[in-house]
2 protein chains.
Amino acid sequence: MNMILLSGGSGKRLWPLSNDVRSKQFIHLFKNEDGIYESMIQRVYRQIMSVDKNAKITIATSKSQASAVKNQLHDTLSICVEPCRKDTFPAIVLAASYLKDIMGVMEDECIIVCPVDPYVEDNYYEAVKLLESLVAKKTANLTLMGIEPACPNEKYGYILPEDLGQVSRVKKFKEKPTAQLAESYIKQGALWNSGVFAFRLGYLLDKAHNMIEFSDYQDLYQKYETLESISFDYAVVEKEKSIQVMRYAGAWRDVGNWSMVAETMKELIKGNVVLDEKCVDTQVINELNLPILCMGCKDMFIAASSDGILISNKTCCDNVKPFVEKMDTDITFAEKSWGTYSVLDTQPGSMTVKIEMQKEKQMKYHSHECRNEIWNILFGKGRVIIDDKEQTVRPGDVITIPSGCRHTIIADEELTLIEIQVGSNIKRNDKKVYGQKEIGYGSSEGIPALV
Amino acid sequence: MNMILLSGGSGKRLWPLSNDVRSKQFIHLFKNEDGIYESMIQRVYRQIMSVDKNAKITIATSKSQASAVKNQLHDTLSICVEPCRKDTFPAIVLAASYLKDIMGVMEDECIIVCPVDPYVEDNYYEAVKLLESLVAKKTANLTLMGIEPACPNEKYGYILPEDLGQVSRVKKFKEKPTAQLAESYIKQGALWNSGVFAFRLGYLLDKAHNMIEFSDYQDLYQKYETLESISFDYAVVEKEKSIQVMRYAGAWRDVGNWSMVAETMKELIKGNVVLDEKCVDTQVINELNLPILCMGCKDMFIAASSDGILISNKTCCDNVKPFVEKMDTDITFAEKSWGTYSVLDTQPGSMTVKIEMQKEKQMKYHSHECRNEIWNILFGKGRVIIDDKEQTVRPGDVITIPSGCRHTIIADEELTLIEIQVGSNIKRNDKKVYGQKEIGYGSSEGIPALV
């Protein structure tokens, strides 16, 4: 099975646990059967692999998310990185040409595009797998998967099929109708649009070449910034006459806001939280390293991270976005290809950051123009390279890195350090990256192998 | 006016803003008329000085609070530090002998003992000042101040006077009666016990010498640890036959729990907080450096500090103590004589601390046995002394301090540094203090001049 998993989204709706670099699919929200917390992308990846252990999965994502994907999934995973953020049509075309030109997928093979964030049972992907044989029959150009609605939800898109067969031609699409309209659609056999599309690779590439002038993947990658931002629905689905839909009757959720998270969580609390005996129907997710004590809270949803604290009645918690957009928020946590980056303190002229590196990972070789850095090694062993000179480091060691010096660190084992940034103009984009020094372990943060 | 201000209390009731080293009187809760937040001790001190600018105030406090007192009040203040925590009788006797032997107060002079944490109007201390002339009349051994009750509060102590005169002999005392009993006392003219006692210094010292064998202040200080823990009420007031009480009719509050804080606060929020338009009667104090967003909260009281986060219905918020006692809480914030100490990160084998020093202050000269320290200077200029060698420091400088090295830092201007502690056994009490090196500016953290 060839799959493109679309991993996008900027993530203000699940503030403070999501932010511009940490989309909702990377938050460890739900426990798997072994009691271990997984993110949505980890859950979906595990579910697909359990249905088809030979599935060839390519994650289509943005530069800002590529590190988190690498950090959360296997290193051997194929990632197609968009040079900049466009809508779903350019992203799918880029991934399709990546599959053809880099991965060697044949034009007659089936490609299944899935969003990375539905919360479903494992058998969902058994249904997805059936799309492959439907595409092979060539009875339609585009094959969709429709979910039998559990309720007349106003937030979903609806597919109206021509008949009630297991597979049917599509009559029309309806985006976010009123509950009343949704109810009448459902009586006519309408299905929720799951966002899953299956097609022959050649079909999509033909469409793409009609709309975009490009020769191959690398050419498309180069001109990606000039492409029109347009959704796959608008560019392809709405114009296609030959579409069929397969019905799926299992549970399906778009966990895109806090009330859906609260409904889906099996536990009342995650993290260091105490609820007194007077708390009723209150759920708390605490990612902070300090205790939360709730007393007499009724119907509350609470989430805390180093970005902020949300304390909301459950009837209000889906409305965070407009408030968060008005906040002057800095990003205080990021997942990198080598581990995690957490801001401990910020003040004019300095920033204090905790860096936790995974074993056998390394940062890119880089320098900063406007700041000095000091690395205080807390835990683990590794090697530091500064202006091509290597030295080993261990807890208690201090490395000073004047502005302009090229530097990297290689974690020979799990390693933690405190980075002190000092400078009059500390900016995230003050970073110059040099050709990778492959001294230790490979690093390919965000850039696909061939580019 | 000679005053002893009793500053005690361990402070779990106002968790997370109070802790074992930060009692409630040091929290900046209420705005003064200029809109600047004051702590209770700052408010009381300001109110006393506004009534009598020549008042001689001695703060009787514990070692753990002496630094915070120094940090919040004028350096010239007289502080009498208890070597260890006993009850109010030993504390008052120690302060009384401090006044006689160190401050040269005569035995015939009046001493007024006041708690440091009542929330009152300025004219309260005009009434307190009147006690002096009452004591001078020698019509009683002990003069108290009683507050005319606003309601039959069950949490206060009551004084029953013999008659309803402005000054009256005391008939008896009643601690925390039921509301019904309190109501009947009030009908008989009972008053709330404000905890204010006035007496001639000689009176108390006589009492003390009858109960404790000691020659003078220094002798008492030396044997303080062997004294019995006993309250002033129990040791003196309950046994004294000659007591009078003066009535006071103004507003008076013991701000000892969160519901009293909420009632007394004039604002809904303090710190980085957003309340949506659906919030009703919700108050938030946020000492954290990250935003709190409240949506649809009703009748809630919320307080956040680096020690933890309390989210409570207002009907429950006075019950934090039993929950906090069960928590495994580390102290993450402390006021020192030279500034503040905030833990940013803790993990096995290391601790990261932000140290903010006031201008022209210095730490004590000290060393640690089981940890190395690294000082990363972020802001300001100063001097570091390590094993008697002095060097100047400025932002970006790094000082490594191996275990066993004597060290101190002198802030020539406001100075901020990040201290990295690395060691297998990091403990608060791993600190050896050396004779003060008076290189820069005086430091007398917690130890009275003569001891």
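Let us look at the structure shown here. Because the structure is predicted, anything quoted here is derived from the model rather than measured.

## Re the packing of helix 1 (residues 40-51) of chain B against helix 4 (residues 123-136) of chain B
All names here are of chain B.
Part 1: Across the interface, helix 1 lies against helix 4 with an axial gap of 9 Å and an inter-helix angle of 65 degrees. Two packed elements cross with a definite hand, and for helix 1 against helix 4 that hand is right-handed. Residues Val44, Gln47, Ile48 and Val51 of helix 1 form the contact with helix 4, whose own contacting residues are Tyr125, Glu126 and Lys129.
Part 2: Grouping the amino acids of the contact of helix 1 with helix 4 by side-chain chemistry returns 4 nonpolar, 1 polar and 2 charged.

## Observations regarding the side chain of Asn313 of chain B
Part 1: Positionally, Asn313 of chain B belongs in strand 19 (residues 308-313).
Part 2: Overall, the relative accessible area of 16% leaves Asn313 of chain B in the buried class.
Part 3: Leaving out residues up to four positions away in the same chain, Asn313 of chain B has contacts with Met295 and Gly296 of chain A together with Lys298, Asp299 and Met300 of chain B.

## Some remarks on the side chain of Asp117 of chain B
All names here are of chain B.
Part 1: For Asp117, the position within the fold is in the loop between strand 6 (110-115) and strand 7 (118-120).
Part 2: Residue classification places Asp117 among the buried residues on the basis of a relative accessible area of 15%.
Part 3: A polar side-chain atom of Asp117 sits 3.1 Å from a polar atom in the side chain of Lys24.

## Structural notes on the sheet that holds strand 15 (residues 273-275) of chain A
Part 1: Within the open sheet, the 6 strands sit side by side as 15(A)-17(A)-19(B)-18(B)-16(B)-14(B). Their pairing is mixed. Either end of the sheet is taken by a strand with one partner, and the two such strands are strand 15 of chain A together with strand 14 (269-270) of chain B.
Part 2: When strand 18 (residues 300-305) of chain B meets strand 19 of chain B, the two strands line up antiparallel, connected through 6 bridges. Within strand 19 of chain B, the residue paired with Ile302 of chain B across the bridge is Ile311 of chain B.

## Considering the relation of the copies chain B and chain A
Part 1: Once chain B is rotated about the relating axis by 180 degrees and shifted along it by 0.1 Å, it coincides with chain A to within an RMSD of 0.1 Å. Viewed as a symmetry operation, the transformation between the two copies matches a two-fold axis. Nearest to the rotation axis, the C-alpha of Leu344 of chain B is located 3.1 Å from it, this being the minimum over chain B.

## Considering the packing of aromatic side chains
Part 1: Applying the stated rule across the entire model yields 28 aromatic pairs over all chains.
Part 2: On the numbers, 6.4 Å between centres and 50 degrees between planes, the contact of Tyr158 of chain A with Tyr185 of chain A is tilted. Of this pair, Tyr158 of chain A sits in strand 9 (residues 157-161) while Tyr185 of chain A sits in helix 5 (residues 179-187); the two residues are 27 residues apart in sequence, bridging distant segments of the chain.
Part 3: For Tyr185 of chain A, a relative accessible area of 9% puts it in the buried group.
Part 4: Three or more aromatic residues joined by ring pairs make a cluster, and in this case those are Phe197, Phe199, Tyr203 and Phe232 of chain A.
Part 5: Positioned over the ring face of Phe323 of chain A is Lys326 of chain A, at 5.5 Å from the centre of the ring.
Part 6: Taking the ring centre of Tyr341 of chain B as reference, the NZ or CZ of Lys336 of chain B above it sits at 5.8 Å.

## As for the pattern of salt bridges
Part 1: One pass over the structure, following the stated rule, counts 36 salt bridges over all chains.
Part 2: Lys207 of chain A is the salt-bridge partner of Glu240 of chain A, the closest N and O atoms lying 3.7 Å from each other. Here Glu240 of chain A is found in the loop between helix 8 (232-235) and strand 12 (243-248), whereas its partner Lys207 of chain A is found in helix 6 (residues 201-211), with 33 residues between them in sequence.
Part 3: Note on Lys207 of chain A: relative accessible area 25%, which makes it partly exposed.
Part 4: One salt bridge connects Asp345 of chain B with Lys354 of chain A, and the closest N-O pair in it is separated by 2.8 Å. Here Lys354 of chain A lies in strand 22 (residues 350-357) and Asp345 of chain B lies in strand 21 (residues 339-347), a pairing that spans two chains. Of the two residues, Asp345 of chain B and Lys354 of chain A, both sit in the buried class.
Part 5: Within this structure, Lys24, Asp117 and Asp254 of chain A form a network of salt bridges that share partners.

## Notes on the interface of chain B and chain A
Part 1: Listed as interface residues are 51 residues of chain B and, on the opposing side, 51 residues of chain A.
Part 2: For the pair chain B and chain A, the summed buried surface comes to about 4,000 Å²; carbon and sulfur atoms form 71% of the total.
Part 3: Three residues stand out in chain B for area buried against chain A, namely Leu293, Met295 and Ile311 of chain B, and they jointly supply 18% of the buried area on that side.
Part 4: In this assembly, chain B and chain A are joined by 2 salt bridges.
Part 5: Our count for the chain B to chain A interface comes out at 13 residue pairs in polar contact (both at pLDDT 80 or more).
Part 6: For the side of chain B that touches chain A, the element with the highest residue contribution is strand 19 of chain B, accounting for 6 residues.
Part 7: As defined by bridge partners, strand 19 (residues 308-313) of chain A adjoins strand 17 (residues 292-295) of chain B across 4 bridges and the pair is classed as parallel. If you follow Leu310 of chain A over to strand 17 of chain B, its bridge partner there is Leu293 of chain B.

## Quick notes on helix 6 (residues 201-211) of chain B
Part 1: Within helix 6 of chain B the residues assigned to the buried category are Leu201, Gly202, Tyr203, Leu204, Leu205 and Ala208 of chain B.
Part 2: Turning to helix 6 of chain B, the residues buried within the fold contact helix 3 (88-101), strand 6, strand 8 (142-147), strand 11 (191-200) and helix 8 (232-235) of chain B.

## Remarks on unusual backbone geometry
Residue and element names in this part refer to chain A.
Part 1: For the bond from Trp15 to Pro16, the omega torsion is 5 degrees, close enough to zero to count as cis.
Part 2: Of note, Asp299 is a non-glycine position whose phi angle comes to about 55 degrees, a positive value.
Part 3: Relative to the assigned elements, Asp299 resides in the loop between strand 17 (292-295) and strand 18 (300-305).
Part 4: We classify Asp299 as partly exposed; its relative accessible area is 36%.
Part 5: Unlike most non-glycine residues, Asp388 shows phi in positive territory, near 75 degrees.
Part 6: Its location among the elements puts Asp388 in the loop between strand 26 (382-386) and strand 27 (389-393).
Part 7: Taking relative accessible area as the criterion, Asp388 reaches 44% and is therefore assigned partly exposed.

Cut-offs and rules
Residues numbered from 1 in each chain as written. Chains lettered and ligands numbered in written order. Predicted model: local features only at pLDDT ≥ 70, side-chain atom pairs only at ≥ 80, totals over all residues. Heavy atoms only, no water. Axes fitted to C-alpha atoms, helices over the stretch in contact; angles between N-to-C directions. Helix = DSSP H or I, 4+ residues; strand = E, 2+ residues; numbered from the N terminus. Left-handed = near helix turned anticlockwise from the far one by under 90°. Contact = heavy atoms within 4.5 Å. Nonpolar A, V, L, I, M, F, W, Y, C, P; charged D, E, K, R; others polar. Buried < 20%, exposed > 50% of the residue type's maximum accessible area, 1.4 Å probe, protein only. Polar contact = N/O pair within 3.5 Å; in protein donor to acceptor, adjacent residues only side chain to side chain. Pairing = 2+ DSSP bridges. Least-squares fit on C-alpha atoms with pLDDT ≥ 70 in both. Phe/Tyr/Trp six-rings, centres within 6.5 Å; stacked < 30°, edge-to-face > 60°. Lys NZ or Arg CZ within 6 Å of the ring centre and 35° of its normal. Salt bridge = Lys/Arg side-chain N within 4 Å of Asp/Glu carboxyl O. Buried area = accessible area lost by both parts, 1.4 Å probe.

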